[in-house]
Amino acid sequence: MALIVQKYGGTSVGSVERIQAVAEKIKTFVANGDKLVVSVSAMSGETNRMTELAQQIQDTPSLREMDVLLTTGEQVTISLLAMALQQLGCEAISYTGSQVRITTDSAHGKARIKSIDDHRIHASLNAGKIVVVAGFQGVDEQGNITTLGRGGSDTTAVALAAALKADECQIYTDVDGVYTTDPRIEPNARKMNTVSYEEMLEMASLGSKVLQIRSVEFASKYKVPLRVLSSLIDNPIGTLITSEENIMEQAVISGIAHNKDEAKLSLIGVPDEPGIAYKILKPISEANIEVDMIVQSVSAREGLTNFAFTVHRNDFDRAQTILQSICNELEAKAVQSDDKVVKVSLVGIGMRSHAGIAAQMFEVLHQENVNIQMISTSEIKISVVIGEKYLELAVRSLHAAFGLDKE
Ligand code: ADP
Ligand code: ASP
Ligand code: MG
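Residues numbered from 1 in each chain as written. Chains lettered and ligands numbered in written order. Predicted model: local features only at pLDDT ≥ 70, side-chain atom pairs only at ≥ 80, totals over all residues. Heavy atoms only, no water.

K.L.:
Could you give me a rundown of the site of ligand 2, with the residues and numbers involved?
P.N.:
In the vicinity of ligand 2, the contacting residues are Ser 41, Ala 42, Thr 47, Glu 74, Phe 136, Arg 150, Gly 151, Gly 152 and Ser 153. In this structure, Ser 41 approaches ligand 2 through a side-chain N or O atom, which is 3.1 Å from an oxygen atom. In this structure, Thr 47 approaches ligand 2 through a side-chain N or O atom, which is 2.8 Å from a nitrogen atom. Contact with the protein chains hides 87% of the accessible area of ligand 2, taken as 270 Å² for the molecule alone. (Near = heavy atom within 4 Å. Polar contact = N/O pair within 3.5 Å; in protein donor to acceptor, adjacent residues only side chain to side chain. Areas by Shrake-Rupley, 256 points an atom, 1.4 Å probe, with all protein chains shown as cover.)

Right, here's the structure in full:
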């Protein structure tokens with residue numbers, strides 16, 4: 001008998017039939033004697049639909065009201081799933097984030113979980129019930145409803161698993177595991193049986209949206225055994241995300257991530273003198289805009305240089321306006337902006353002990369005539385910014401060149 005936390009994503013609960021199928025699946029675990037806590041997302045498309053409704057009223061609605069709105073999506077699915085379970089003769093009860101009491105900070109739209117009160121859940125489990133908890137939501141200390149950021153139901157599930165010391169946290173989605181790259185981009189992508197927390201963290205933060213970054217952070221911090229599985233087909237193995245020492249064979253490159261949310265801004269012809277990076281990036285960070293990659297070119301003629309960085313596409317317009325005023329202030333030559341760029345990254349722990357991976361990556365892109373606009377590296381990843389239209393070409397040619405399609 002095990003205590004299992006399961007999470008079903010939007011597609012998995014996208015219709016009444018799907019919700020009923022999820023209930024059937026849960027029933028098989030209960031029949032096995034397991035105790036189940038199940039966290040669910042809103043039905044697929046619902047969170048986007050509500051966001052569009054809000055935007056018909058206000059361009060930038062209050063973040064607090066957005067959280068009140070968006071959390072209703074998960075409230076719909078917890079109740080429907082509890083009903084579907086009851087219909088199958090299973091005892092089940094649903095709770096919203098605030099009913100459990102998942103306490104978060106007050107950063108609406110991207111709140112962080114501070115604590116989970118497990119009393120109510122344990123009481124319901126002990127009464128023989130399946131506990132269904134709304135994903136993606138919590139409540140701050142003042143009682144305001146909060147959300148955990150897009151994809152946040154993954155984090156709810158892992159945090160519940162950590163708090164309840166569950167035997168495993170299972171993330172059910174529309175793919176049967178974590179692949180060497182997004183199977184929607186490269187059909188030859190291969191499912192991995194195991195991935196280390198560290199690699200999964202890099203993959204998630206570099207754009208592999210199969211798991212929200214914070215869910216992997218939680219899993220790694222509290223050593224939660226985390227498994228990604230398909231809700232649509234039966235394959236109980238999926239992909240296990242675990243500690244590095246549990247992984248027998250380590251490939252040099254384990255995966256390729258991509259991120260389409262990037263936009264690039266450059267300031268051309270700024271004086272090459274101390275304090276320039278500070279003068280450019282301070283107003284950007286004061287506007288709460290996160291900067292990802294940064295490149296300052298070597299001083300060109302006349303003591304002038306170029307300074308480029310990337311931001312999230314959602315912040316592109318705001319960043320552009322700010323950079324234009326910095327341009328005027330510093331008497332730079334021009335602002336250049338491009339929101340048709342993407343970031344493609346190679347990830348692998350094995351890179352630590354292998355030199356020359358970057359050169360090999362650049363060679364492949366050169367052969368395909370893909371121009372690299374920016375580069376950044378760390379111990380276990382190499383990222384490049386390239387034109388959006390080369391995304392598929394770059395991912396597929398790198399995937400083949402590094403043999404990721406082969407066992
Ligand atoms: P859910 O609604 O269940 O949370 P998501 O859409 O958030 O599902 O995540 C699943 C999707 O993640 C897949 O359909 C796939 O296109 C995408 N994805 C991106 N990178 C990967 C990867 N490396 N392995 C598997 N899926 C990936
Ligand atoms: N419904 C939320 C979203 O679409 C949370 C989630 O699905 O994980 O982002
Ligand atoms: Mg998701």
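So much for the structure itself; the text now carries on.
K.L.:
Help me get a handle on the sheet that holds strand β19 (residues 374-378), residues and values and all.
P.N.:
Read across the sheet, four strands follow the order β13-β18-β20-β19 without closing on themselves; strand pairing throughout is antiparallel. Each edge of the open sheet is held by one strand with a lone partner, namely β13 (255-259) and β19. Shown here is a sheet whose adjacent strand axes are inclined to one another by a mean of 20 degrees, direction ignored. Pairing of β19 with strand β20 (residues 381-387) involves five bridges; the strand directions are antiparallel. Within β20, the residue paired with Met 374 across the bridge is Val 385. (Pairing = 2+ DSSP bridges. Helix = DSSP H or I, 4+ residues; strand = E, 2+ residues; numbered from the N terminus. Axes fitted to C-alpha atoms, helices over the stretch in contact; angles between N-to-C directions.)

K.L.:
So what about the site of ligand 1? Which residues, and what values?
P.N.:
Ligand 1 sits among 17 residues. The nearest are Thr 173, Asp 174, Tyr 179, Asp 182 and Arg 184. Within the backbone of Gly 10, an N or O atom sits 3.2 Å from an oxygen atom of ligand 1. Contacts to ligand 1 include Asp 182, whose side-chain N or O atom sits 2.8 Å from an oxygen atom. Compared with its free state, where it exposes 570 Å², ligand 1 has 84% of that area covered by protein. Among the residues making up the shell around ligand 1, the classes are represented as six nonpolar, six polar and five charged. (Nonpolar A, V, L, I, M, F, W, Y, C, P; charged D, E, K, R; others polar.)

K.L.:
Explain the packing of aromatic side chains to me, and be specific about the residues and the numbers.
P.N.:
Within the structure shown, the criterion is met by three aromatic pairs. For the pair Tyr 8 and Tyr 172, a centre-to-centre distance of 4.8 Å together with 10 degrees between the ring planes defines the contact as stacked. Separated by 164 residues along the polypeptide, Tyr 8 in strand β1 (residues 3-8) and Tyr 172 in strand β9 (residues 168-173) bring together distant segments of the chain. On the accessibility criterion, Tyr 8 (0% relative accessible area) is buried. Accessibility expressed as a relative area gives 4% for Tyr 172, which makes it buried. (Phe/Tyr/Trp six-rings, centres within 6.5 Å; stacked < 30°, edge-to-face > 60°. Buried < 20%, exposed > 50% of the residue type's maximum accessible area, 1.4 Å probe, protein only.)

K.L.:
Can you break down the UniProt feature "binding site: substrate" (unreviewed entry) in the protein chain residue by residue, with the values?
P.N.:
UniProt records the feature "binding site: substrate" (unreviewed entry) at Thr 47 and Glu 74, using the numbering of this structure. Their sequence span is 28 residues, while the largest C-alpha to C-alpha distance among them is just 9.1 Å; these annotated residues converge on one region. Its location among the elements puts Thr 47 in helix α2 (residues 46-57). If we ignore the near neighbours within four places in the chain, the residues touching Thr 47 are Ala 42, Leu 70 and Arg 150. Looking at where Glu 74 falls in the secondary structure, it is placed in helix α3 (residues 63-87). Here Glu 74 is in contact with Val 40, Ser 41, Ala 42, Ala 134, Gly 135, Phe 136, Gln 137 and Ser 153, once residues within four sequence places are set aside. Within the local environment of Glu 74, its side chain forms a polar contact with the backbone nitrogen of Ala 42, the two atoms lying 2.9 Å apart. (UniProt positions renumbered as here; feature names shortened; annotations may be inferred. Contact = heavy atoms within 4.5 Å.)

K.L.:
Describe the environment of Gln 367, with residues and values.
P.N.:
Counting through the fold element by element, Gln 367 comes out in helix α11 (residues 357-367). Residue classification places Gln 367 among the exposed residues on the basis of a relative accessible area of 57%.

K.L.:
How would you summarise the nonpolar core if you had to cite specific residues and measurements?
P.N.:
Val 5, Val 37, Ile 121, Cys 169 and Ile 241 are the most contacted members of the largest nonpolar core, which has 42 residues in total. Sorting elements by how many residues they give to this core places helix α6 (residues 153-164) first, with seven residues. Beyond its immediate chain neighbours, meaning those up to four positions away, Val 5 contacts Val 37, Ala 157, Leu 160, Ala 161, Leu 164, Ala 166, Glu 168, Cys 169 and Gln 170. Of all hydrophobic cores here, the second largest spans 23 residues; its members include Ile 4, Val 22, Ala 23 and Cys 90. (Core = buried A, V, L, I, M, F, W, Y, C linked by side-chain atoms within 4.5 Å.)

K.L.:
Lay out the sheet that holds strand β14 (residues 262-271) in plain terms, naming residues and giving numbers.
P.N.:
Reading across the sheet, the four strands line up as β15-β16-β14-β17 and stay open at both edges, with antiparallel pairing between neighbours. Edge positions in the sheet fall to β15 (291-296) and β17 (334-338), since each has one partner strand and no second. Going from strand to strand, the sheet's axes swing by 15 degrees on average, the running direction of each strand aside. Across five bridges, β14 lies against β17 in antiparallel orientation. Considered in β17, the bridge of Leu 265 is made with Ser 337. Of the strands in this sheet, β14, β16 (304-312) and β17 touch helix α10 (residues 316-329), which is tilted by about 0 degrees from β14.

K.L.:
Which residues make up the UniProt feature "binding site: ATP" (unreviewed entry) in the protein chain, and what values do they have?
P.N.:
Here the UniProt feature "binding site: ATP" (unreviewed entry) sits at Lys 7, Tyr 8, Gly 9, Gly 10, Thr 173, Asp 174, Tyr 179, Arg 184, Lys 209 and Val 210. Along the chain, the position of Lys 7 falls in strand β1. We classify Lys 7 as buried; its relative accessible area is 8%. Once residues within four sequence positions are removed from consideration, Lys 7 is found in contact with Ser 39, Ser 41, Ser 153, Asp 154, Ala 157, Gln 170, Ile 171 and Tyr 172. A polar contact of 2.7 Å, which involves the side chain of Lys 7, links it to the side chain of Asp 154. Note on Gly 9: relative accessible area 6%, which makes it buried.

K.L.:
Any details on the pairing of strand β2 (residues 35-40)? Residues and values, ideally.
P.N.:
Looking down a regular strand, the side chains alternate between one sheet face and the other. Here β2 lies mainly inside the structure; five of its six residues are buried. Bridge count between β1 and β2: six bridges; the pairing is parallel. Considered in β2, the bridge of Leu 3 is made with Lys 35. For the crossover from β1 across helix α1 (residues 16-31) to β2, the handedness is right-handed. Pairing between β2 and strand β6 (residues 130-134): four bridges, direction parallel. In the strand pairing of β6, Val 37 is matched with Val 131. (Right-handed = clockwise from strand over helix to strand, strands pointing away.)

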